Amino acid sequence: MVALCELESLRLAHDLIRAGLRLSIVRSLTKIGTRSLRQWWKDIHGVRPSNGKLPETVLSFIKDKDSAAMVSAFGAFHNRLHGTTLNPENLLATWQEFQRICGPLDINAAYFAVRDIRARIVMLSHCDVCHADFIYDAGSKHTDQCPFCATKVVA
Ligand SMILES: [Zn+2]
């Protein structure tokens, strides 16, 4: 018989796959084997899962000021609710809640935002002008200043 905690992690893996989280991440978060995960992906999405390389950091998801603002908003939201704790239940619940408020966001970008803020690969910086928190990285023109101020429409 399947233990309750096992059942819970199966359900969680299904939800993460439905959300579109890359399988190697689902595997590391739920400890479920690749073969099962790949089959479920095919059952849920009707196509085979991607074998492509994972992005190295959250910065791969930031292509312009708008994506910088969106990913920063998620990173700050998750940080406020859960600090630097990264677990699949919180990630999924926070991502679903965030999308209800702010619109669609790739869950992989959400995962990397939390992971990289936690690992200090990027910094969550505070804007003195609009008081938002944003993902700061000096290496890109999209992340070297507050994206919310930068995307604000000037009347
Ligand atoms: Zn600002």
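Since this is a predicted model, take the numbers as computed values, not measurements. (Residues numbered from 1 in each chain as written. Predicted model: local features only at pLDDT ≥ 70, side-chain atom pairs only at ≥ 80, totals over all residues. Heavy atoms only, no water.)

Student: Please set out the domain arrangement of the protein chain residue by residue, giving values where relevant.
Tutor: Split into domains, the protein chain comes out as domain 1 (4-45) and domain 2 (58-151). At the interface, nine residues of domain 1 touch nine residues of domain 2. Counting the surface lost from both domain 1 and domain 2, the interface buries some 870 Å², and carbon and sulfur atoms represent 79% of this. On the surface where domain 1 and domain 2 come into contact, there are zero salt bridges. In this structure, the connection of domain 1 to domain 2 is made through two residue pairs in polar contact (both at pLDDT 80 or more). At the level of elements, α1 (4-19) and α2 (23-30) are the ones that each hand at least two residues to the side of domain 1 that touches domain 2. It is α1 that provides the largest number of residues to the side of domain 1 that touches domain 2, a total of four residues. For the side of domain 1 that touches domain 2, the residue count by class is six nonpolar, one polar and two charged. (Domains from an automatic or database assignment. Contact = heavy atoms within 4.5 Å. Buried area = accessible area lost by both parts, 1.4 Å probe. Salt bridge = Lys/Arg side-chain N within 4 Å of Asp/Glu carboxyl O. Polar contact = N/O pair within 3.5 Å; in protein donor to acceptor, adjacent residues only side chain to side chain. Helix = DSSP H or I, 4+ residues; strand = E, 2+ residues; numbered from the N terminus. Nonpolar A, V, L, I, M, F, W, Y, C, P; charged D, E, K, R; others polar.)

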